[in-house]
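Spelled out, the chains give:
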Amino acid sequence: MKNSNTMQMQETGKSSKTMPIVRRTDFQHGSATPRYWFKGNALATHFNNAMHMVFPDGEQLFIRSVRAFANEIQDENLKERVKAFIGQEVQHGLEHKKFWQILESQGLKPGDFAKWFNQLAFENLEPLGIKVFGKSGPLAVTAALEHYTAIMAEMAFQKDSELFEGLPEEMKNMLLWHAAEEIEHKAVAFDVLKKVDDSDYIKIMGMLVASAGLWFFVFSGMLHFMRNDKELSLAKILQDIPDFLFGQKKLAGSILDRLFDYFRSDFHPDDHNSLELVQNFLNSGKIPLKEKLSA
Ligand SMILES: [Fe+2]
Ligand SMILES: [Fe+2]
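The numbers attached to residues start from 1 for each chain and follow its sequence in the written order. Both sets of labels track the order of writing: A upward for chains, 1 upward for ligands. Confidence filtering applies because this is a predicted model: local features only for residues at pLDDT of at least 70, side-chain atom pairs given and counted only at 80 or more, and all residues used for totals across whole chains, interfaces and linings. Neither water nor hydrogens contribute to the side-chain values; these are computed over all heavy atoms in the structure.

### Here's the deal with the coordination of the iron ion (ligand 1)
And then number 1: Within the first shell, the iron ion (ligand 1) binds the protein through Glu59 (OE), Glu89 (OE), His92 (ND1), His178 (NE2) and Glu182 (OE), at distances of 2.1 to 2.3 Å.
And then number 2: Each metal site is built from N, O and S donor atoms within 2.8 Å (3.2 Å for Na, K and Ca), and since water is not included, such sites may look incomplete. All donors of the iron ion (ligand 1) belong to a single chain; written as a sequence motif, their spacing is E-x29-E-x2-H-x85-H-x3-E.
And then number 3: Between the iron ion (ligand 1) and the iron ion (ligand 2), both coordinated by Glu89, there is a metal-metal distance of 3.6 Å. Residue Glu59 is found in helix α1 (residues 42–67), and its partner Glu182 is found in helix α6 (residues 169–184); the two are separated by 123 residues along the sequence. Of the two residues, Glu59 and Glu182, neither departs from the other in class, the shared state being buried. Each helix corresponds to a stretch of at least 4 residues labelled H or I by DSSP, and each strand to a stretch of at least 2 residues labelled E; elements are numbered beginning at the N terminus. Think of it in three bands: residues with accessible area under 20% of the maximum for their type are buried, residues over 50% are exposed, and the middle band is partly exposed, with areas taken using a 1.4 Å probe on protein chains only.

What follows is the structure in structure tokens.
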């Protein structure tokens, strides 16, 4: 078994050598999780509840899209990184899905949203995407979404970041663990894409489709939860709108700045070396582990 301190970071050209580490975790949120767990703001909470919904099935798409090229990868290091990427994404999905029980107990009907999301995104749009762009289409979407998660993860770990301040401890640690692993594996899907289709066209199309899909499904999830939240009053919505829209203005601006990096022809996820940001957290003992495995 390797310790997280031993993560390798050697760069050769534009391909990363960072080896992600798969951690079998066991977060327990408990039924005492407040209904509006995201800083008391109902809108921000339902936005983030929607994130809990899109991650597990979205991460299954990531896994399928990378696995579709598993036999074509010759580079032994990249093969190992792909295995670790899959292991991490499986574990992320399991942890986010656990939280669905809390959403269910709050009467928010997560299952209804999951069913609709799956049908539209993965039974209809994904096969259509493969038809139009070939199997590198979903991979390009995955690489683009990994850019989003890496940017958001880096924001969470930046000095003085208040992104997760005030959240229930277990939720905060779960989100930070997920964010840290997103940083560890941020270049894996991108490196596979570069090996199988190096064109700017597929990279840019992937980002356009990913951006449209991500925000459409997240805001749909948010509306689903608001509609099913029987305790949510109009007064509470009106009260929470300003903070939801403008509370993270700095964050939204930074996401946009970094997002456009992706369109550069010579962009690589490791252009921003952010591994050192997460080391303290990974070694802090705040991740409840069943076991820790090397990649
Ligand atoms: Fe993930
Ligand atoms: Fe990821």
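### Focus on the coordination of the iron ion (ligand 2)
And then number 1: Protein coordination at the iron ion (ligand 2): the donors are Glu89 (OE), Glu146 (OE), Glu146 (OE), Glu182 (OE), Glu182 (OE) and His185 (NE2), at 2.0 to 2.7 Å from the metal.
And then number 2: Irregular is the label for any site that misses the other tests, which are tetrahedral for four donors with all angles between 85 and 135 degrees, and square planar for four donors or octahedral for six when opposite donors exceed 155 degrees and the remaining angles lie between 65 and 115. Geometry at the iron ion (ligand 2) is irregular, judged from the six donor atoms that bind it and their angles of 51 to 156° at the metal.
And then number 3: For the iron ion (ligand 2), the donor residues sit on a single chain with the sequence spacing E-x56-E-x35-E-x2-H.

### Re helix α9 (residues 234–246)
And then number 1: Residue count minus one, scaled by 1.5 Å, sets the expected span of a helix. Counted at 1.5 Å a residue, the expected span for α9 with its 13 residues is 18 Å, and the 19 Å between its end C-alpha atoms agrees.
And then number 2: One axis is fitted to the seven residues ending at the residue and one to the seven starting there. The bend at that residue is the angle between these axes. Where α9 bends most, the angle comes to about 35°, and this point is Asp240, followed within four residues by the proline Pro242.
And then number 3: Here α9 has its buried residues at Lys236, Ile237 and Asp240.
And then number 4: We call two residues in contact when some of their heavy atoms are within 4.5 Å. In this structure, the buried residues of α9 make contact with α1 and α8 (200–228).

### Focus: the packing of aromatic side chains
And then number 1: We call Phe, Tyr and Trp rings a pair once their centres come within 6.5 Å, taking the six-membered ring for Trp, and we label the pair stacked below 30 degrees between planes, edge-to-face above 60, and tilted otherwise. The final tally for this structure, using the stated rule, is 21 aromatic pairs.
And then number 2: Arranged with centres 5.9 Å apart and planes meeting at 10°, the rings of Phe113 and Phe117 form a pair that is stacked. Of this pair, Phe113 and Phe117 are both found in helix α4 (residues 110–133), four residues apart, which corresponds to roughly one turn of the helix. One exposure class covers both Phe113 and Phe117, and it is buried.
And then number 3: Look at Phe157 and Phe281: their rings are 5.9 Å apart centre to centre, the planes differ by 55°, and that puts the pair in the tilted class. Residue Phe157 is found in helix α5 (residues 136–157), and its partner Phe281 is found in helix α11 (residues 275–282); the two are separated by 124 residues along the sequence.

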